[in-house]
Amino acid sequence: WVRAKVRVKLALRQLRSLADNDEVLRSIFNKFDTSGDGKLDATEVKVALRVALGMDMSIEECEKMVSAADQDGGNTLDFEEFKAICTSHL
């Protein structure tokens, strides 16, 4: 449990390093929105973290990350929610 929490914090820290550039964030978001619905689910977040940051997190860790930032209760992240992960300390 502690190890998982540390991995989530490390991933969030790496995402925050990209937060200064909306274009970069939008590009990452769009690249991994494989369903094309304008939202990232936990599976898409898992792939994004692995490819973009080299972080291989469990689906449960990604679900927790999505849940922490999800404002509308859809268990997905729209771009603004994704950006919030990258710019705030959840």
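For the structure, see preceding data.
Quantities reported herein were computed from a predicted structural model and do not represent experimental measurements. (Residues numbered from 1 in each chain as written. Predicted model: local features only at pLDDT ≥ 70, side-chain atom pairs only at ≥ 80, totals over all residues. Heavy atoms only, no water.)

Honestly, the pattern of salt bridges in this entry has me stumped. Any pointers?
Per the counting criterion, the structure on display carries 3 salt bridges. We note a salt bridge from Lys39 to Asp72, for which the minimum N-O separation is 3.6 Å. Linking Lys39 in the loop between helix 2 (22-32) and helix 3 (42-53) with Asp72 in the loop between helix 4 (59-69) and helix 5 (79-87), this pair joins segments that are 33 residues apart in sequence. Lys39 gets classed as partly exposed once you look at its relative accessible area, which sits at 27%. Using a relative accessible area of 45% as the deciding quantity, one classes Asp72 as partly exposed. (Salt bridge = Lys/Arg side-chain N within 4 Å of Asp/Glu carboxyl O. Helix = DSSP H or I, 4+ residues; strand = E, 2+ residues; numbered from the N terminus. Buried < 20%, exposed > 50% of the residue type's maximum accessible area, 1.4 Å probe, protein only.)

Teacher, can you tell me more about the nonpolar core here?
Taken as a class, soluble globular proteins show a tendency for nonpolar side chains to be buried jointly. Residues Val45, Leu49, Met57, Met65 and Phe82 are the most contacted members of the largest nonpolar core, which totals 22 residues. Elements represented by at least two residues in this core include exactly helix 2, helix 3, helix 4 and helix 5. Ranked by residue count, the leading element in this core is helix 3, at 5 residues. (Core = buried A, V, L, I, M, F, W, Y, C linked by side-chain atoms within 4.5 Å.)

Even after reading the chapter, I still don't get unusual backbone geometry, so can you show me in this structure?
Phi is mostly negative for residues that are not glycine, and the peptide bonds are mostly trans. Even without glycine at this site, Asn75 takes up a positive phi of about 60 degrees. By the element assignment, Asn75 lies in the loop between helix 4 and helix 5. Judged by relative accessible area, which is 56%, Asn75 ranks as exposed.

Just checking my understanding: could you explain the packing of helix 3 against helix 4 for this structure?
In a packed pair of helices, the relevant descriptors are the angle between the two axes and the axis-to-axis distance. Between helix 3 and helix 4, whose axes approach to 8 Å, the crossing angle comes to 110 degrees. Classified by the angle between their axes, helix 3 and helix 4 sit roughly perpendicular to one another. When helix 3 is examined against helix 4, the residues Ala42, Thr43, Val45, Lys46 and Leu49 are found in contact with a partner set consisting of Ile59, Cys62, Glu63, Met65 and Val66. Tallied by class, the residues present in the contact of helix 3 with helix 4 amount to 7 nonpolar, 1 polar and 2 charged. (Axes fitted to C-alpha atoms, helices over the stretch in contact; angles between N-to-C directions. Parallel < 35°, antiparallel > 145°, perpendicular 65-115°, else oblique. Contact = heavy atoms within 4.5 Å. Nonpolar A, V, L, I, M, F, W, Y, C, P; charged D, E, K, R; others polar.)

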